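Next come the chains, spelled out residue by residue.
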Amino acid sequence: MDEHAVVITRVADRQWHAVEDDLTVGRGDVSHRPDGRTFLSIDAWHGAVFDQLADAMLADLPKPLYTVVDETDLDLTSQWERAGFRTRRREWEYLVPTDPQVTGLGSALPPSDVRIVAVGEAQEGPLRTLDRVIRDEVEAAVGWQEMPAEVLPLPAGVTVLDPSKYAVAAQSDGYVGLLRVAPVIRQPRIGLIAVRSDQHRRGIARALLAHVLGSLHRCGIETASAEVNESNRAAMALFEGVGARRAGSNLELVLR
């Protein structure tokens with residue numbers, strides 16, 4: 001790095017490259033989340049290159065800006081802090097057992113007027129309607145930005161990318177709860193579990209979780225993963241109540 005200058009170039013609308021002697025030594029990327037926030041990521045060989053990429057990106061992008069780091073990655077966290085980012089919130093990563101004898105969910109049934117529709121069998125129209133209702137309720141309360149970070153960029157106005165990943169709780173006049181599970185090999189990830197506000201405290205979330213975890217267990221999968229905002233006491237209680245254990249944490253950082 002002492003012999004050749006590092007050149008930072010914005011190579012696309014959402015991507016920057018750091019090049020030294022015709023070799024790419026760092027990349028910076030931008031993703032726009034469905035909740036309207038802008039998240040950054042930087043992969044660089046050297047701390048100095050990270051700083052140069054960060055300076056170039058921050059000069060071009062409107063604030064606030066966000067990023068997510070593994071809390072145990074102290075080097076990366078300190079690099080973002082050098083750029084002015086500060087911790088906004090923490091998400092706990094849980095490992096969730098699937099065995100009903102461990103979770104205690106073997107007898108967790110939904111209310112008599114609710115039935116559970118298995119993953120992949122939900123109707124797209126009612127699912128999208130429920131998703132919109134829940135998002136509006138969350139936005140009116142704590143704000144959707146307090147939900148677990150959504151890592152996939154979606155087309156404008158689209159909030160349900162793949163209906164086949166959802167189990168739902170259904171009443172005669174529509175859906176009242178949902179659980180999204182990503183079928184990651186060996187360890188599926190529970191990305192979202194939510195119930196319509198007028199149906200809270202009826203055991204619907206617990207019944208959804210029991211159904212999905214039980215199905216995974218019957219397929220030979222021993223654990224799933226889930227991420228929970230540490231301020232979401234109800235979600236933490238739900239997962240810890242079925243024997244889930246904390247396996248790590250991520251920090252969401254912000255530059256305002």
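Residues numbered from 1 in each chain as written. Predicted model: local features only at pLDDT ≥ 70, side-chain atom pairs only at ≥ 80, totals over all residues. Heavy atoms only, no water.

**Q** Break down unusual backbone geometry for me, citing the residues and quoting the values.
**A** One can expect most non-glycine residues to show negative phi and most peptide bonds to be in trans. Here the residue pair Lys63 and Pro64 is connected by a cis peptide bond, since its omega of 5 degrees sits within 30 degrees of zero. Its place among the elements puts Pro64 in the loop between helix H1 (47–60) and strand E5 (65–70). Its identity as a non-glycine residue notwithstanding, Arg201 has a phi of 60 degrees, on the positive side. Considering the arrangement of structural elements, one finds Arg201 in the loop between strand E10 (189–195) and helix H5 (204–218). (Helix = DSSP H or I, 4+ residues; strand = E, 2+ residues; numbered from the N terminus.)

**Q** For H5, give the residues involved together with the corresponding values.
**A** In this model H5 runs 21 Å from its N-terminal to its C-terminal C-alpha over 15 residues, within 8% of the 21 Å that 1.5 Å per residue would give. Among all positions of H5, only Ile204, Ala207, Leu208, Leu209, Ala210, Val212, Leu213, Gly214 and Leu216 are buried. Downstream of H5 by one or two residues, Gly220 has phi in the positive range, about 90 degrees. (Expected span 1.5 Å × (residues − 1). Buried < 20%, exposed > 50% of the residue type's maximum accessible area, 1.4 Å probe, protein only.)

**Q** Tell me about the packing of aromatic side chains, residues and numbers included.
**A** Given two aromatic rings, one states the distance between the centres and the angle between the planes to describe the pair. Applying the stated criterion to the full structure yields four aromatic pairs. Measuring from ring centre to ring centre gives 5.4 Å for Phe39 and Tyr66, while their planes differ by 25 degrees; the resulting arrangement is stacked. Of the two residues, Phe39 is situated in strand E4 (residues 38–44) and Tyr66 in strand E5; the sequence distance between them amounts to 27 residues. Between Phe50 and Trp80, the aromatic rings sit 5.0 Å apart at their centres with planes inclined by 85 degrees, giving edge-to-face as the arrangement. With Phe50 in helix H1 and Trp80 in helix H2 (residues 74–82), the pair connects residues that are 30 residues apart, well separated along the chain. Put simply, the rings of Phe50, Trp80 and Phe85 pair up and form one aromatic cluster. In this structure, Arg33 packs its charged tip against the face of Phe39, placed 3.7 Å from the ring centre. (Phe/Tyr/Trp six-rings, centres within 6.5 Å; stacked < 30°, edge-to-face > 60°. Lys NZ or Arg CZ within 6 Å of the ring centre and 35° of its normal.)

**Q** Please give an account of the pattern of salt bridges that cites residues and values.
**A** With the rule as written, the count across this model stands at 15 salt bridges. In this structure, Glu71 engages Arg90 in a salt bridge whose closest nitrogen and oxygen atoms are separated by 2.8 Å. Of this pair, Glu71 sits in the loop between E5 and H2 while Arg90 sits in strand E6 (residues 86–97), and the two are 19 residues apart along the sequence. The partner of Arg128 in a salt bridge is Glu124, with the nearest N and O atoms 2.9 Å apart. Residue Arg128 and its partner Glu124 are both found in helix H4 (residues 124–140); the two are separated by four residues, about one turn of the helix. On the basis of relative accessible area, Glu124 is assigned to the partly exposed category, the value being 42%. Through salt bridges that share partners, Arg37, Arg88, Arg89, Glu91 and Glu252 make up one connected network. (Salt bridge = Lys/Arg side-chain N within 4 Å of Asp/Glu carboxyl O.)

**Q** Please provide a residue-by-residue account of the side chain of Arg196, values included.
**A** For Arg196, the position within the fold is in the loop between E10 and H5. Of the residues examined, Arg196 reaches a relative accessible area of 18% and is grouped as buried. At 2.8 Å, the side chain of Arg196 forms a polar contact with the side chain of Asp198. Setting aside residues no more than four positions away along its own chain, Arg196 makes contact with Leu130, Val133, Ile134, Glu137, Gln171, Tyr175 and Val176. (Polar contact = N/O pair within 3.5 Å; in protein donor to acceptor, adjacent residues only side chain to side chain. Contact = heavy atoms within 4.5 Å.)

**Q** With reference to specific residues and values, describe the side chain of Arg37.
**A** Within the secondary structure, Arg37 sits in the loop between strand E3 (23–32) and E4. On the basis of relative accessible area, Arg37 is assigned to the buried category, the value being 9%. Side-chain polar atoms of Arg37 contact the side chain of Glu252, separated by 2.8 Å.

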